[in-house]
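Coordinates in review
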Amino acid sequence: METTGVKQLLKQKPKASLGFYPTPFYRLENLSKRLGINLFIKREDFSGQSLFGGNKIRKLEYLIGDAKEQGAEYIFTFGATQSNHAMQTVEACRKEGLTPILYLVAYVEPDEKDLRSNLLLDKILGAEVHVILKNPGESDAEVDARSVQLAREHMKRLIEAGHNCYEIPMGGASPIGTTGFIEGFIEMAEQAEAAEQQFDYLVHATGSGGTMAGLVAGKKLLNHPMRILSFDVIGHDRSYLENSAMLANKSLALLGLEERLTADDFEHDNSYYQPGYEMPSDKGNDAIRVLAREEGLFLDPVYSGKAFAGLLDYVDKGIIPQNSSVIFLHTGGATALFAEKEILGDLLDK
Ligand SMILES: Cc1ncc(COP(=O)(O)O)c(C=O)c1O
């Protein structure tokens, strides 16, 4: 399909203007030389709207656009206490005159007297924040479900009092949010073409799955040859790919498009997330230091550092062969460099 056709369909959807697009796209000269590949970076961390941008802004443009069209007053969303998505949702709400309410799970318990990183920003932005502590023996899935249940009871009370509420799932991973990364893929493909470059690989971090679903749907629509390597930061199994295909398909259907994905369309690697979500890894922290010291750029320990560790390891092992052309999608998250020590680990040389 032609990009103009997809762009026309995207234009018909309600959209808030939150970021500054297209985000920068350029070659990393020092690392290209060191690694023996042609390495470009796509700076979604520069998306705006504040200094602390990231991949969620693209999704939020469509989600907040839809919320406003539906006359929402309150926006409910979810995540970890240091969720980038939650913080960026609060920023977007402030700009668009909506009231943000967050239900955040404390995988790492915050110190109320020394708030850090995104939770501090949420509070500066004046969000209503409900921190859900994990009960002994409660799994991550159980506490996530309890957080959603508590939020829905809260929403019900507001709706009964005559208010209009809008729910955004964790990570903005809904069919509407995913359209943002169909658009993101098109933007990147156009930048690659303008730079007269043919790329072999696109590398990025995947969590809730909306970014991956949108990118792979975009690739399918344009019949683009670039392979998309998605490094998982949570440790999902194959059912995640089936769910991500469903998510992408609902997003394609929303746009009135007939193309569909299956789990086999994704190239997903979950061997770099250990020891766990919001738990630092040596390889991830090595990768943060490599990008900082070679290019003067910051990654984060939860998402982009682990994905970049995957990229470095793939080059090292020849899975990404020498002389390949590669794009690293920088999805943001560097506020985590100022999070709790449990999230950050030891970033200094040992
Ligand atoms: C910095 C960063 N990178 C990557 C991701 C993963 O994006 P997605 O949730 O769309 O899979 C997130 C999600 O929170 C993020 O905050």
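Owing to the predicted nature of the structure, the values given are computational and were not obtained by experimental measurement. (Residues numbered from 1 in each chain as written. Predicted model: local features only at pLDDT ≥ 70, side-chain atom pairs only at ≥ 80, totals over all residues. Heavy atoms only, no water.)

1. Re unusual backbone geometry
Backbone phi values are negative for most residues with the exception of glycine, while trans is the configuration of most peptide bonds. Keep this limit in mind: For the purposes of this entry, the term helix denotes a DSSP run of H or I that reaches at least four residues, the term strand denotes a run of E that reaches at least two, and both are numbered from the N terminus.
In this structure, the amide linkage connecting Tyr21 to the following residue, Pro22, adopts the cis form with an omega of 0°. Secondary-structure assignment places Pro22 in the loop between helix 1 (3–11) and strand 1 (25–27). Between Gly48 and the following residue, Gln49, the backbone shows a cis peptide bond with an omega angle of -5°. Relative to the helices and strands, Gln49 is located in the loop between strand 2 (38–43) and helix 3 (56–69). In this structure, Asn223 is a non-glycine residue whose phi angle is positive, near 55°. In this structure, Asn223 sits in the loop between helix 8 (210–222) and strand 8 (227–232).

2. A short note on the packing of aromatic side chains
Under the convention used in this document: Here a Phe, Tyr or Trp ring, Trp counted by its six-membered ring, pairs with any other such ring whose centre lies within 6.5 Å, and the pair is stacked when the planes are under 30 degrees apart, edge-to-face when over 60, and tilted otherwise. For the exposure calls, accessible area comes from a 1.4 Å probe over protein chains only, and a residue counts as buried if that area is under 20% of its type's maximum, exposed if over 50%, partly exposed in between.
Tallied over the entire structure, the rule returns 10 aromatic pairs. With a centroid separation of 6.4 Å and 20° between ring planes, the pair formed by Phe76 and Tyr103 is classed as stacked. Here Phe76 is found in strand 3 (residues 74–80), whereas its partner Tyr103 is found in strand 4 (residues 99–106), with 27 residues between them in sequence. Overall, the relative accessible area of 0% leaves Phe76 in the buried class. Judged by centre distance (5.4 Å) and plane angle (80°), the rings of Phe231 and Tyr272 are edge-to-face.

3. Focus: the sheet that holds strand 4
Condition: Whether two strands pair comes down to DSSP finding at least two bridges between them. Where helices are involved, their axes are fitted lines through C-alpha atoms of the stretch in contact, as for all axes, and angles between N-to-C directions lie from 0 to 180°. Residue contacts follow a heavy-atom distance rule, with two residues in contact if any of their heavy atoms lie within 4.5 Å.
Taken together, four strands build an open sheet; the order of strands is 5-4-3-6 and the sheet is parallel. One side of each edge strand has no neighbouring strand; the edge strands of this open sheet are strand 5 (128–133) and strand 6 (165–168). The mean angle between the axes of side-by-side strands here comes to 20°, regardless of whether they run parallel or antiparallel. By the bridge criterion, six bridges tie strand 4 to strand 5 in an arrangement that is parallel. When the sheet's bridge partners are listed, Leu102 is paired in strand 5 with Val129. Contacting strand 3, strand 4, strand 5 and strand 6, helix 6 (residues 140–160) runs over the sheet at an angle of about 155° to strand 4.

4. Brief notes about the UniProt feature "domain: Tryptophan synthase beta chain-like PALP" (unreviewed entry) in the chain
As a reminder, the rule being used: UniProt positions are given in the numbering used here, feature names are shortened, and annotations may be inferred rather than shown by experiment.
Annotation from UniProt places "domain: Tryptophan synthase beta chain-like PALP" (unreviewed entry) at residues 17–332. Along residues 17–332 the backbone is 45% helical and 17% strand, and the end-to-end C-alpha distance reaches 19 Å.

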